[in-house]
Amino acid sequence: MTTPESPLTAAFSMDPLRPPASPPAEELAQDFDAETVTDVRHAVRRRAEKAGLAGDALEGFVIAVHELVANAVRHGGGRGSLRLRRDDDTLVCDVTDYGTGFPHGLPVAGGPPPANTPGGRGILMARHFTDSLLFSDGPDGVTATVTVCLPVADTRDR
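Under an unreviewed UniProt entry, the name given to the protein is Anti-sigma regulatory factor (Ser/Thr protein kinase), and the organism recorded is Couchioplanes caeruleus.

Listed below in C-alpha coordinates is the structure:
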(Lines give C-alpha, C1' and ligand atoms only; values in the text may rest on other atoms or scores of the structure.)
Protein backbone atom coordinates (compact mmCIF):
# COMPACT_ATOMS: atom_id res chain seq x y z
CA MET A 1 0.00 0.00 0.00
CA THR A 2 1.27 3.45 -0.86
CA THR A 3 0.86 6.25 1.67
CA PRO A 4 1.64 9.96 1.22
CA GLU A 5 4.90 9.41 3.12
CA SER A 6 5.95 6.43 1.04
CA PRO A 7 9.06 6.60 -1.17
CA LEU A 8 6.83 5.17 -3.91
CA THR A 9 4.82 8.37 -4.16
CA ALA A 10 5.90 11.21 -6.43
CA ALA A 11 5.82 13.76 -3.61
CA PHE A 12 8.24 11.87 -1.34
CA SER A 13 11.63 13.54 -0.84
CA MET A 14 14.66 12.05 0.92
CA ASP A 15 16.05 15.55 1.49
CA PRO A 16 14.11 17.36 4.23
CA LEU A 17 15.45 20.73 3.00
CA ARG A 18 14.20 20.20 -0.54
CA PRO A 19 10.47 20.56 -1.11
CA PRO A 20 8.69 17.62 -2.72
CA ALA A 21 8.98 17.55 -6.49
CA SER A 22 5.89 18.51 -8.39
CA PRO A 23 4.59 16.11 -11.02
CA PRO A 24 5.92 16.69 -14.54
CA ALA A 25 4.06 19.42 -16.41
CA GLU A 26 3.12 18.49 -19.94
CA GLU A 27 4.09 21.27 -22.33
CA LEU A 28 3.10 19.70 -25.65
CA ALA A 29 1.54 16.46 -26.92
CA GLN A 30 1.22 16.19 -30.68
CA ASP A 31 0.98 13.55 -33.39
CA PHE A 32 3.00 14.15 -36.54
CA ASP A 33 3.64 12.92 -40.06
CA ALA A 34 5.72 14.14 -43.00
CA GLU A 35 3.40 17.08 -43.62
CA THR A 36 3.54 18.38 -40.04
CA VAL A 37 7.26 18.04 -39.21
CA THR A 38 7.85 21.79 -39.60
CA ASP A 39 4.82 22.68 -37.47
CA VAL A 40 6.07 20.34 -34.72
CA ARG A 41 9.54 21.93 -34.81
CA HIS A 42 8.04 25.41 -34.38
CA ALA A 43 5.79 24.23 -31.54
CA VAL A 44 8.73 22.59 -29.73
CA ARG A 45 10.75 25.78 -30.09
CA ARG A 46 7.97 27.95 -28.64
CA ARG A 47 7.40 25.62 -25.69
CA ALA A 48 11.11 25.11 -24.94
CA GLU A 49 11.66 28.86 -25.03
CA LYS A 50 8.69 29.39 -22.72
CA ALA A 51 10.19 26.80 -20.34
CA GLY A 52 13.38 28.87 -20.11
CA LEU A 53 15.75 27.59 -22.78
CA ALA A 54 17.56 30.26 -24.76
CA GLY A 55 20.51 30.74 -27.08
CA ASP A 56 22.58 27.73 -28.12
CA ALA A 57 20.81 25.41 -25.67
CA LEU A 58 17.45 26.24 -27.27
CA GLU A 59 18.77 25.87 -30.81
CA GLY A 60 20.47 22.57 -30.02
CA PHE A 61 17.42 21.09 -28.32
CA VAL A 62 15.16 22.06 -31.22
CA ILE A 63 17.62 20.53 -33.72
CA ALA A 64 17.84 17.31 -31.68
CA VAL A 65 14.06 16.90 -31.42
CA HIS A 66 13.60 17.78 -35.10
CA GLU A 67 16.12 15.10 -36.12
CA LEU A 68 14.31 12.49 -34.03
CA VAL A 69 10.95 13.48 -35.52
CA ALA A 70 12.42 13.32 -39.04
CA ASN A 71 13.90 9.89 -38.27
CA ALA A 72 10.51 8.67 -37.03
CA VAL A 73 8.90 9.76 -40.29
CA ARG A 74 11.68 8.41 -42.50
CA HIS A 75 12.48 5.15 -40.73
CA GLY A 76 9.63 4.54 -38.31
CA GLY A 77 6.46 4.10 -40.28
CA GLY A 78 5.91 7.62 -41.58
CA ARG A 79 4.24 9.04 -38.48
CA GLY A 80 4.62 9.32 -34.74
CA SER A 81 3.84 11.25 -31.62
CA LEU A 82 5.75 13.73 -29.52
CA ARG A 83 5.39 14.47 -25.83
CA LEU A 84 7.27 17.39 -24.29
CA ARG A 85 7.17 17.88 -20.54
CA ARG A 86 8.94 19.81 -17.84
CA ASP A 87 10.10 17.77 -14.88
CA ASP A 88 11.37 20.22 -12.29
CA ASP A 89 14.53 21.73 -13.86
CA THR A 90 14.62 19.35 -16.82
CA LEU A 91 12.87 19.47 -20.17
CA VAL A 92 12.05 15.97 -21.43
CA CYS A 93 10.90 15.07 -24.92
CA ASP A 94 9.67 11.64 -26.03
CA VAL A 95 9.44 10.98 -29.77
CA THR A 96 7.62 7.75 -30.56
CA ASP A 97 7.28 6.13 -33.96
CA TYR A 98 5.15 3.22 -35.10
CA GLY A 99 7.74 1.32 -37.10
CA THR A 100 9.24 -2.12 -36.63
CA GLY A 101 12.02 -1.00 -34.31
CA PHE A 102 15.73 -1.66 -34.75
CA PRO A 103 16.05 -5.07 -36.44
CA HIS A 104 19.85 -5.06 -36.01
CA GLY A 105 19.90 -3.70 -32.44
CA LEU A 106 20.02 -0.17 -31.14
CA PRO A 107 22.22 2.18 -33.16
CA VAL A 108 25.61 3.13 -31.79
CA ALA A 109 26.90 6.40 -33.19
CA GLY A 110 30.68 6.30 -33.09
CA GLY A 111 31.15 9.31 -35.30
CA PRO A 112 29.71 11.04 -38.31
CA PRO A 113 29.46 9.22 -41.61
CA PRO A 114 31.69 10.36 -44.48
CA ALA A 115 30.84 13.84 -45.77
CA ASN A 116 29.61 12.49 -49.11
CA THR A 117 27.11 10.13 -47.44
CA PRO A 118 23.56 11.51 -47.30
CA GLY A 119 21.86 11.18 -43.94
CA GLY A 120 23.06 9.24 -40.95
CA ARG A 121 23.61 12.19 -38.62
CA GLY A 122 20.30 12.53 -36.76
CA ILE A 123 21.08 10.37 -33.75
CA LEU A 124 24.59 11.79 -33.56
CA MET A 125 23.18 15.34 -33.44
CA ALA A 126 20.52 14.37 -30.89
CA ARG A 127 23.26 12.97 -28.62
CA HIS A 128 25.45 16.03 -29.10
CA PHE A 129 22.83 18.73 -28.49
CA THR A 130 21.10 17.25 -25.42
CA ASP A 131 22.07 16.11 -21.95
CA SER A 132 20.81 12.58 -22.52
CA LEU A 133 19.36 10.37 -25.25
CA LEU A 134 17.64 7.09 -24.43
CA PHE A 135 15.91 4.57 -26.68
CA SER A 136 13.11 2.18 -25.87
CA ASP A 137 12.65 -0.37 -28.65
CA GLY A 138 9.44 -2.37 -28.56
CA PRO A 139 7.19 -4.34 -30.87
CA ASP A 140 5.01 -1.29 -31.50
CA GLY A 141 7.85 1.08 -32.37
CA VAL A 142 10.69 3.06 -30.88
CA THR A 143 10.61 5.87 -28.34
CA ALA A 144 13.60 8.20 -28.27
CA THR A 145 13.78 10.37 -25.16
CA VAL A 146 16.01 13.44 -24.94
CA THR A 147 16.53 15.68 -21.95
CA VAL A 148 18.07 19.08 -21.36
CA CYS A 149 18.63 20.85 -18.06
CA LEU A 150 16.95 24.21 -17.81
CA PRO A 151 18.99 27.20 -16.65
CA VAL A 152 18.75 28.13 -12.98
CA ALA A 153 16.76 31.29 -12.47
CA ASP A 154 18.81 34.24 -11.29
CA THR A 155 17.48 35.11 -7.84
CA ARG A 156 19.97 37.89 -6.97
CA ASP A 157 17.53 40.61 -8.00
CA ARG A 158 14.73 39.37 -5.74
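Structure shown, so let's carry the discussion forward.
Engineer: How do you make sense of the overall build of the protein when you look at a structure like this?
Structural biologist: From N to C terminus, the protein includes 3 helices and 5 strands. Going from N to C terminus, the protein has its helices and strands arranged as β-α-α-β-β-α-β-β. For the protein, the proportion of its 158 residues judged to be buried stands at 33%. For the protein, contacts bridging at least 24 residues in sequence account for 58% of all contacts bridging at least 6. Split by element, the accessible area of the protein, about 10,000 Å² in all, is 54% carbon and sulfur.

Engineer: So what exactly am I meant to see when it comes to unusual backbone geometry here?
Structural biologist: Apart from glycine, the bulk of residues carry a negative phi angle, and the bulk of peptide bonds sit in the trans form. For Asp88, which is not glycine, the phi dihedral falls at a positive 60°. Secondary-structure assignment places Asp88 in the loop between strand E2 (79–87) and strand E3 (90–97).

Engineer: I tried to follow helix H1 (residues 37–51) on my own but got confused; where do I start?
Structural biologist: Spacing of three or four residues puts side chains on the same side of an α-helix, whose turn is 3.6 residues. The end-to-end C-alpha distance of H1, which contains 15 residues, comes to 21 Å, matching closely the 21 Å that a straight helix rising 1.5 Å per residue would cover. Regarding H1, the residues found buried are Val37, Val40, Ala43, Val44, Ala48 and Ala51. Along the axis of H1, the buried positions cluster into a sector of 130°, meaning they face one direction only. Away from its buried face, by an angle of more than 90 degrees, H1 presents the exposed residues Arg46 and Lys50. Those residues of H1 hidden inside the fold are in contact with strand E1 (25–33), helix H2 (55–75), E2 and E3.

Conventions we followed
Residues numbered from 1 in each chain as written. Predicted model: local features only at pLDDT ≥ 70, side-chain atom pairs only at ≥ 80, totals over all residues. Heavy atoms only, no water. Helix = DSSP H or I, 4+ residues; strand = E, 2+ residues; numbered from the N terminus. Buried < 20%, exposed > 50% of the residue type's maximum accessible area, 1.4 Å probe, protein only. Contact = heavy atoms within 4.5 Å. Areas by Shrake-Rupley, 256 points an atom, 1.4 Å probe, with all protein chains shown as cover. Expected span 1.5 Å × (residues − 1). Arc of directions from axis to C-beta.

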